[in-house]
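One letter stands for each residue in the lines below.
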Amino acid sequence: LINIFSSAAADTESEEFYVAQRAFKDKFYSSVLVNLQNFLTKYPQSKYAPSAHILLGRCYFKQGELHKALSELETGLNSSEERTVKAEGTYWMGEVNFQGKDYKTARLYYQKVIDEFTQSEYRPYAYYSRAWSYYQEGDYPNALSGFNEFSLKFPQDKLNEEARLKAGQCFFKLSNYELAQEQL
């Protein structure tokens, strides 16, 4: 009888987290914030708690609340040993810092994803975002190198066309108009 109740509770817990994930994908961020806060109050020791904190951080990021985003992402990172959660949280820490225009700190997080999470779905994005951070700072040689590296490593990625365009823009900014024209 106890197993039946614990199984039902686990199913409810799993279902509630799934609903929050689905709402996030549908961009209902205000609802997700409420649902995840309630979820974490109801299930503080849940196996989904670290992921819930990461998702909360992403919601705050989407709503422009960068300090709250950092706090939730850090909580998620510090409470999980799961590599997929760590990779996701690390990447989004980079994105929050990027959004806050702290490009150097953002690059540290992107580099960590690149170096430590070699099988992560976030790795290509980390390469791209690292290059983009150099571009935002006006460091066109490093941006160019980064966009070219991205294109070489991920030729089939959906961001490859954008990376090639950005590389062309870097050539233009560096007054290398012939290569810019070739790239564009």
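Within any chain, residue numbers begin from 1 and follow the written order of that chain's sequence. Reporting of local features is limited, given that this is a predicted model, to residues whose pLDDT is at least 70; pairs of side-chain atoms are given and counted only at 80 or more, and all residues count toward the totals for whole chains, interfaces and linings. Calculation of side-chain values draws on the structure's entire complement of heavy atoms; hydrogens and water are dropped beforehand.

Visitor: Tell me about the nonpolar core, and please be specific about residues and values.
Guide: Ranked by size, the top nonpolar core spans 52 residues in total, and within it L36, F39, Y91, F147, F150 and C170 carry the most contacts. Every residue pair with non-hydrogen atoms within 4.5 Å of one another is taken to be in contact. Each residue touching F147, except ones within four places of it in the same chain, is listed here: Y128, A131, W132, Y135, A163, K166, A167 and C170. For the purposes of this section, nonpolar cores are sets of buried Ala, Val, Leu, Ile, Met, Phe, Trp, Tyr and Cys residues that join through side-chain atoms within 4.5 Å. For every residue, the accessible area obtained with a 1.4 Å probe (protein chains only) is divided by the maximum for its type, and the residue is called buried under 20%, exposed over 50%, and partly exposed between those limits.

Visitor: Outline the packing of helix α5 (residues 83-99) against helix α7 (residues 123-137), listing residues and values.
Guide: Close contact between α5 and α7 brings their axes to 11 Å; oriented N to C, the two are set at 20°. Of the possible angle classes, the one that applies to α5 and α7 is roughly parallel. Judged by the sense of rotation from one axis to the other, the crossing of α5 with α7 is left-handed. Contact residues: Y91, E95 and F98 in α5; Y125, A126, S129, W132, S133 and Q136 in α7. Axes here refer to lines fitted to C-alpha atoms; in helices the fit is confined to the stretch in contact. Angles between the N-to-C directions go from 0 to 180 degrees. Where helices and strands are cited, they refer to DSSP runs of H or I of at least four residues and of E of at least two residues respectively, numbered from the N terminus. For this classification, under 35 degrees means roughly parallel, over 145 means roughly antiparallel, 65 to 115 means roughly perpendicular, and everything else is oblique. Should the near helix be turned counterclockwise from the far one by less than a right angle, the crossing is left-handed, whereas a clockwise turn marks it as right-handed.

Visitor: Let's hear about helix α9 (residues 160-173): which residues, and what values?
Guide: A helix's residues, less one, multiplied by 1.5 Å, set its expected span. Along its 14 residues, α9 runs 20 Å from first to last C-alpha, staying within 8% of the 20 Å computed at 1.5 Å per residue. Following α9 by one or two positions, S175 adopts a phi angle in the positive range, close to 65°.

Visitor: Before we move on, can you summarise the pattern of salt bridges with the specific residues and values?
Guide: Whenever Lys or Arg places a side-chain nitrogen within 4 Å of a carboxyl oxygen from Asp or Glu, that contact is recorded as a salt bridge. All chains considered together, the criterion is met by 7 salt bridges. E65 serves as the salt-bridge partner of K68, at 3.1 Å between the closest nitrogen and oxygen. The salt bridge involving E137 is made with R107; its shortest N-O contact spans 2.9 Å. Linking E137 in helix α7 with R107 in helix α6 (residues 103-116), this pair joins segments that are 30 residues apart in sequence. The exposure class of E137 is partly exposed, given its relative accessible area of 41%. A residue is classified by how much of its surface remains accessible, and R107, at 13% relative accessible area, is buried.

By themselves these figures say nothing about function.
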